[in-house]
Amino acid sequence: MGQFLHEFFNPLDFLRAVPTVWNGFLFNLKLMVVAEAFILVLALALAIVRGLPGRGAAPLRWLAIAYTDVFRGTPLLLVLFMVQGFATLDYVGLSSGTLFRNGAIALILVYTAYVTEVYRAGIESVHPSQRMAARSLGLSYMQAMRYVVLPQAIRRVVPPLLNDFIGLQKDTVLITVIGLTEALAGANFFQNDYANFSALTVTAVFFIFLTIPLARFTDHIIKEREKRERATAV
Amino acid sequence: MSANGNGHFVSLKGVSKRFDNLEVLHGIDLDVDEHSVVCLIGASGSGKSTLLRCINLLEQVDAGTIVVDGQTITDGKVDVNRLRQKIGIVFQAYNLFPHMTVLQNLTLAPRKARGASRADALDRARALLHRIGLEEKADEFPDRLSGGQQQRVAIARALAMEPKLMLLDEITSALDPQLIGEVLELVRELAESGMTMIVATHEMSFAREVANKVCFLDAGVIGEEGTPKEILSAPREERTREFLARVLEGGRL
């Protein structure tokens, strides 16, 4: 037990590891914010395409389905290596800029597939009578989507969206395998230098402290909205 | 007026509609004059709702033609969004937009579908809320209103588009008995103001009082039609008599 505590929870090594891990962690943060911004937009577009009505839109629907099937089914690590491999084909030097870009692309490709499904579930959870009411007032399909269906759909899927966002945060450490010095890589260096695992614990703590406020913030906005829009139970 | 519709504001000829194997409407002929109120009565599943939904193209007819305001709407060439802007429909379950305030519910379609300015849409919405006596609820969300209030807002939402025809689809069926009166009162006012309306209803006393014509729908066909007095007091058809007797037992005549 003493050995375990010394290896993973050594206070001195904690302090020593913080700056190294923190520097790497900033990379993870940046990666996650950039990737998430793209994911939220692209996934929404795909979810809308997937729900388009009519025979004319069938090829688009099929493309959207094929995309989710492929990228939800492929392990992220594999996609990461493939993107990296594809990028090295043109023999440009692998600066940390290109590594960052490649990591972001891989994360976006895979997580967009997940998040598309989350949006789709939200869109389908809005009762058809809502769309019918919107259309009956003379709104077009896209207007009904934009003003009536999506606002209701998105607010319903905020918790699962957050879930995927947390998954994304954590998966940003995977880009360490293509050679970008992010938090996990920093911790690994430290571990090699000092033969102590406490830097890994520091990294874990960083990630946990990133997700907790996000989760509480989501709870808060959901509760506020309930208070505002729902009837008080009698 | 043009030969189209033979001078009637709404004219249905031989309208049929089936869902899979179920024929919901079978060869319906129905004329509605401008500024008149037609009530559709009949058991649940007799096709009243489907008939209303065909008139604003929420459902496509399988056969027959429908003419609204001189325009044949069943030829597949009509601009459905434009058509629906002049036909208001109110549903049994209100279907208000729960994420918007009452005022936003009333201004969304005028602004987005018709391109009204924000100020104009707000003015009109406030005037409508005044008319239905719910001005003080303008900034509430629908879920905080009673069923009767929600249904009045739904009527106002349809009126905000300044429709020439209103379709009311059993709008009091989901309401507690004590809330029905306020909604019917509003519809009565609408009728007096000259609004053309087609009303599917189980409220026979309302039909008797407001309708110019009552049609009894039975298994997808119009079993009998006439003045409220003819249909409700002296029905000729056995099926109509049976239906009215059942409704009477339910205590709603």
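Computed from a prediction, not measured in an experiment: that's the story for all the values here. Residue indices follow the written sequence of each chain, beginning from 1 at its first position. For naming, the first written chain is A and the first written ligand is 1, with later ones following in the order written. With the structure being a predicted model, the display of local features is reserved for residues of pLDDT at least 70 and the display and counting of side-chain atom pairs for 80 or more, all residues being used for whole-chain, interface and lining totals. Excluded from the side-chain calculations are hydrogens and water; all other atoms, namely the structure's heavy atoms, are used.

A. Representation of empty space enclosed by the protein within the structure. All names here are of chain B. For cavity detection a 1 Å grid was placed over the protein atoms alone, and a set of points counts as a cavity when a 1.4 Å probe fits there but cannot get out; an open set counts as a pocket when protein lies on both sides within 12 Å along at least five of seven lines, with lining residues being those that have an atom within 4 Å of a point. Grid points are joined across faces, edges and corners, and a volume is the space filled by probe spheres set on the points. Tallying each qualifying case throughout the model produces one cavity of 30 Å³ or more. Of the volumes computed, that of the largest cavity is approximately 50 Å³. What lines the largest cavity is Leu 168, Glu 170, Ile 171, Thr 172, Leu 184, Val 187, Val 199, Ala 200, Thr 201 and Phe 206. Elements with a minimum of two residues in the lining of the largest cavity: α6 (177-192) and β8 (196-200). Think of it as three bins: nonpolar holds Ala, Val, Leu, Ile, Met, Phe, Trp, Tyr, Cys and Pro, charged holds Asp, Glu, Lys and Arg, and polar takes everything else, Gly as well. Tallied by class, residues from the lining of the largest cavity come to seven nonpolar, two polar and one charged. Only DSSP runs of H or I reaching four residues or more are called helices, and only runs of E reaching two or more are called strands; each is numbered from the N terminus.

B. Just the sheet that holds strand β1 (residues 10-19) of chain B, in detail. Residue and element names in this part refer to chain B. With antiparallel pairing, four strands are arranged side by side in an open sheet as β2-β1-β4-β5. Two strands close off the open sheet at either side, each with one partner strand: β2 (22-32) and β5 (71-72). Across two bridges, strand β4 (residues 63-68) lies against β5 in antiparallel orientation. Bridged to Val 67 within β5 is Thr 72. Residue contacts are defined here by distance: any two heavy atoms, one from each residue, within 4.5 Å place the two residues in contact. Fitted lines through C-alpha atoms give the axes, limited to the stretch in contact for helices. The angle between two N-to-C directions lies from 0 to 180 degrees. Taken strand by strand, helix α1 (residues 48-55) contacts β1, β2 and β4, and its axis lies near 60 degrees from that of β2. Only strands joined by at least two bridges in the DSSP assignment are considered to pair.

C. Structural context of the packing of aromatic side chains. All names here are of chain A. Aromatic rings from Phe, Tyr and Trp, taking only the six-membered ring of Trp, are treated as a pair when their centres fall within 6.5 Å; an angle between ring planes under 30 degrees marks them as stacked, one over 60 as edge-to-face, and anything in between as tilted. Summed over the entire model, instances satisfying the criterion amount to eight aromatic pairs over all chains. Between Tyr 111 and Tyr 114, the aromatic rings sit 5.6 Å apart at their centres with planes inclined by 50 degrees, giving tilted as the arrangement. Of this pair, Tyr 111 and Tyr 114 both sit in helix α5 (residues 96-125), three residues apart, which is roughly one turn of the helix. The structure contains a cluster of three or more aromatic residues connected by ring pairs, namely Trp 22, Phe 25, Phe 206 and Phe 207.

D. Fine view of the sheet that holds strand β10 (residues 221-226) of chain B. All names here are of chain B. Pairing in this open sheet of six strands is mixed, and the strands run β6-β7-β8-β3-β9-β10 from one edge to the other. Strands with a single pairing partner mark the edges of an open sheet, and in this sheet they are β6 (87-90) and β10. The sheet shows a mean angle of 15 degrees between the axes of neighbouring strands, direction not considered. Most of the contacts of α1 go to strand β7 (residues 165-169), to which it runs at about 155 degrees, and overall it touches β3 (37-41), β6, β7, β8 and β9 (213-218). Its contacts with the sheet place helix α9 (residues 238-249) against β3, β9 and β10, and it is angled at close to 95 degrees to β9.

E. Up close: the environment of Arg 61 of chain A. All names here are of chain A. With respect to the helices and strands, Arg 61 occurs in helix α3 (residues 58-73). Sequence separation of Arg 61 and Ile 108 is 47 residues, and the distance between their C-alpha atoms is 20 Å. Those residues in contact with Arg 61 that sit more than four places away from it in its chain are Val 49, Arg 50, Leu 52, Pro 53 and Gly 54. A distance of 2.6 Å separates a polar side-chain atom of Arg 61 from the backbone oxygen of Leu 52. As used in this structure description, the phrase polar contact means that two N or O atoms lie within 3.5 Å; if the pair is within protein, one of them must be able to donate a hydrogen and the other to accept it, and residues adjacent in sequence are counted only when both atoms belong to side chains.

F. Looking closely at helix α7 (residues 141-156) of chain A. A residue's bend is simply the angle between two axes: one fitted to the seven residues ending at it, one to the seven starting at it. Along α7 of chain A, the sharpest change in direction is near 45 degrees and occurs at Val 149 of chain A; proline Pro 151 of chain A comes one to four residues later. Partly exposed residues are those whose accessible area sits between 20% and 50% of the maximum for their type, while under 20% is buried and over 50% is exposed, using a 1.4 Å probe and protein chains only. Those residues of α7 of chain A not exposed but buried are Tyr 141, Ala 144, Met 145, Tyr 147, Val 148, Val 149, Leu 150, Gln 152 and Ala 153 of chain A.

G. Inspection of the pattern of salt bridges at higher detail. By convention in these notes, a salt bridge is any Lys or Arg side-chain nitrogen within 4 Å of a carboxyl oxygen on Asp or Glu. Taken as a whole and judged by the stated rule, the model has 19 salt bridges over all chains. In this structure, Arg 216 of chain A and Asp 219 of chain A form a salt bridge, with 3.3 Å as the shortest nitrogen-oxygen distance. Linking Arg 216 of chain A with Asp 219 of chain A, this pair stays in helix α10 (residues 198-229), spanning three residues, or about one helical turn. Here Lys 48 of chain B makes a salt bridge to Glu 170 of chain B, at a shortest N to O gap of 3.4 Å. Taken together, the residues Lys 48 of chain B in helix α1 and Glu 170 of chain B in the loop between β7 and α6 connect sequence positions 122 residues apart. The same class applies to Lys 48 of chain B as to Glu 170 of chain B, namely buried.

H. Expanded view of the nonpolar core. Residue and element names in this part refer to chain A. Residues belong to one nonpolar core when they are buried, are Ala, Val, Leu, Ile, Met, Phe, Trp, Tyr or Cys, and are joined through side-chain atoms within 4.5 Å. Core analysis: the biggest nonpolar cluster contains 55 residues, and Val 21, Ile 39, Leu 107, Tyr 119, Ile 123 and Leu 168 have the highest contact counts within it. Elements with a contribution of two residues or more to this core: α2 (11-50), α3, α4 (76-88), α5, α7, α8 (158-171), α9 (183-194) and α10. Ranked by residue count, the leading element in this core is α5, at 13 residues. Excluding residues within four positions of it along the chain, Tyr 119 makes contact with Leu 40, Ala 43, Leu 44, Ala 47, Ile 154, Val 157 and Leu 161.

I. How the structure looks around the pairing of β3 of chain B. All names here are of chain B. Extensive coverage of β3 is indicated by the burial of five of its five residues. When β3 meets β8, the two strands line up parallel, connected through four bridges. Bridge pairing links Leu 40 to Ala 200 in β8. Pairing between β3 and β9: four bridges, direction parallel. Each residue of the ladder has a partner; that of Leu 40, found in β9, is Cys 215.

J. Quick peek at the interface of chain A and chain B. The interface is formed by 22 residues belonging to chain A together with 26 residues belonging to chain B. A simple way to read buried area is as the amount of 1.4 Å-probe accessible surface that goes missing from two parts once joined, with both sides added. Where chain A abuts chain B, roughly 2200 Å² becomes buried across the two surfaces, and 60% of that area is made up of carbon and sulfur atoms. Of all residues in chain A, Met 132, Ser 136 and Leu 137 of chain A bury the most surface against chain B, accounting for 28% of the area lost on that side. At the junction of chain A and chain B, the tally comes to zero salt bridges. Linking chain A with chain B are six residue pairs in polar contact (both at pLDDT 80 or more), by the criterion used here. When contributions to the side of chain A that touches chain B are tallied by element, the ones reaching two or more residues are α6 (128-136), α7 and α10 of chain A. Broken down by element, the residue count for the side of chain A that touches chain B peaks at seven residues, all from α6 of chain A. The class makeup of the residues in the side of chain A that touches chain B is nine nonpolar, seven polar and six charged.

K. A look at the packing of α2 of chain A against α8 of chain A. Residues and elements named next belong to chain A. At their nearest, the axes of α2 and α8 sit 10 Å apart, and the two run at 140 degrees to each other. Taken as axis vectors, α2 and α8 run oblique relative to one another. Our pair here, α2 against α8, has a crossing hand that is right-handed. Across from Met 32, Ala 35, Glu 36, Ile 39 and Leu 40 in α2, the residues of α8 making contact are Leu 161, Phe 165, Leu 168 and Gln 169. Classifying every residue of the contact of α2 with α8 gives seven nonpolar, one polar and one charged. Each angle is binned into one of four classes, with values under 35 degrees roughly parallel, values over 145 roughly antiparallel, values of 65 to 115 roughly perpendicular, and all other values oblique. Handedness of a crossing follows from how the near helix is turned relative to the far one, being left-handed for an anticlockwise turn of less than a right angle and right-handed for a clockwise one.

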